[in-house]
Amino acid sequence: MIEIKQVSKHFHLSKGRHIKALDQVSLEIHPNEILGLVGESGSGKSTLGKVLAGLHPKTMGSIKYKDETLPDNYSAKDFLRLSKEIQMIFQDPYSSLNPRMTVGEIIGEGLSLRKVAKKTIQEKVHAWLLKVGLHPDHASRFPHEFSGGQRQRIGIARALIVEPKFVICDEPISALDVSVQAQVIQLLQKLKNDFGLTLLFIAHDLSMVRHISDRITVLYLGQIMEIGPADQVFFHAKHPYTQKLNSSNPLPDPKREREQPTIQVDNSEIPSPSEILRGCPFASRCPHVSQICKTERPELKNIDNNHQVACHHLDKIN
Ligand code: ADP
Ligand code: MG
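**Q** How should the overall build of the chain be read in this particular structure?
**A** Looking only at helices and strands, one finds 12 helices and 12 strands in the chain. Against the globule reference of 20 Å for 318 residues, the chain gives a C-alpha radius of gyration of 20 Å, in line with a compact fold. In the chain, buried positions account for 51% of the 318 residues. Split by element, the accessible area of the chain, about 15200 Å² in all, is 50% carbon and sulfur.

**Q** Mind showing me how you'd approach the site of ligand 1 here?
**A** The environment of ligand 1 is made up of 12 residues, and the closest members are G42, G44, K45, S46 and T47. Contact distances for ligand 1 include 2.7 Å between an oxygen atom and a backbone N or O atom of G42. Within the side chain of T47, an N or O atom sits 2.5 Å from an oxygen atom of ligand 1. When ligand 1 sits alone it has 560 Å² of accessible area, and the protein chains cover 65% of it. Of all the secondary structure elements, the ones that give two or more residues to the shell around ligand 1 are β2 (18–29) and α1 (45–52). Examining the composition of the shell around ligand 1, we find that three residues originate from one element, α1, more than from any other.

**Q** So what exactly am I meant to see when it comes to the side chain of R153 here?
**A** Along the chain, R153 turns up in helix α5 (residues 148–160). For the buried residue R153, which engages in no salt bridge, the nearest side chain bearing the opposite charge is D194, 12 Å off. Only 2.9 Å separates the side chain of R153 from the backbone oxygen of V132, close enough to count as a polar contact. If we ignore the near neighbours within four places in the chain, the residues touching R153 are V132, G133, L134, Q183 and L187.

What counts, and where the lines are drawn
- Residues numbered from 1 in each chain as written.
- Chains lettered and ligands numbered in written order.
- Predicted model: local features only at pLDDT ≥ 70, side-chain atom pairs only at ≥ 80, totals over all residues.
- Heavy atoms only, no water.
- Helix = DSSP H or I, 4+ residues; strand = E, 2+ residues; numbered from the N terminus.
- Rg over C-alpha atoms; globule rule 2.2 N^0.38 Å.
- Buried < 20%, exposed > 50% of the residue type's maximum accessible area, 1.4 Å probe, protein only.
- Areas by Shrake-Rupley, 256 points an atom, 1.4 Å probe, with all protein chains shown as cover.
- Near = heavy atom within 4 Å.
- Polar contact = N/O pair within 3.5 Å; in protein donor to acceptor, adjacent residues only side chain to side chain.
- Lys, Arg positive; Asp, Glu negative; His and termini not counted.
- Salt bridge = Lys/Arg side-chain N within 4 Å of Asp/Glu carboxyl O.
- Contact = heavy atoms within 4.5 Å.

Shown next, in the form of structure tokens:
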């Protein structure tokens, strides 16, 4: 469905410096799957989501959606056409909804931009309010009248009303109370099944995405460290970075504790993406580091069916 080849995104800073928020990322997203994307804050997860949604131009590489190569820079026309296929649901339901628009205007915006008749928009907005568990009367209210969970439902309705095929969910529950997180996840799963969606599901917590994902990609400082079937990446993580993500997870999981060796990781400062010039981005924190890690970037290698890892020392680790 999506083929990402060697995609990089550099942000320019002052004095000619730049950050490689994405550094030669290649991956495929299959029709109808949920691909989890995990990594600590600053790994480039949102940047990848925004590049895929056409919200950030990429610096290098190519992205194919179905059979079409996506443009580097979207024109307004490209955006109108492609945002009917690819939509994004944002992390923060408090800042991503325009406070001066009614909920009906927010949800219906994608349709009014496409010059859909007012009456049809109104009907669709009402139908979508019901689909996401809200009430048609809510259309005339403003975002501040709703709770975080309800606002995220509004954000979901806004994204899905144009009937996209591929939806990027950028940490859609991170800003919500624990008590409503599961409800929003269940809603997304139901809508995914009802509409045959393909999802890129971004999270910083591996244990959260593993339940809903078919496969998981682990990103660190703009590079893919590991990618594979969700249970493989969770229970049989091979990359020291993935193992670190697993071990810093506070939720007790007896099965995982039995199967997953815990490792000592250097918790020193995460290097800034502008500091990494070559080698493995995890080298400065990795317990298995050696000279080659500092000079040569490890390639993603197949270790199993559909399971790939970028590490020079797989032999040492498992
Ligand atoms: P994540 O979503 O995994 O937390 P982001 O994609 O937001 O990571 O950020 C990746 C890196 O790119 C970070 O170092 C961040 O500071 C930088 N970055 C993100 N957006 C911008 C921007 N608009 N301008 C400059 N740097 C940015
Ligand atoms: Mg983010």
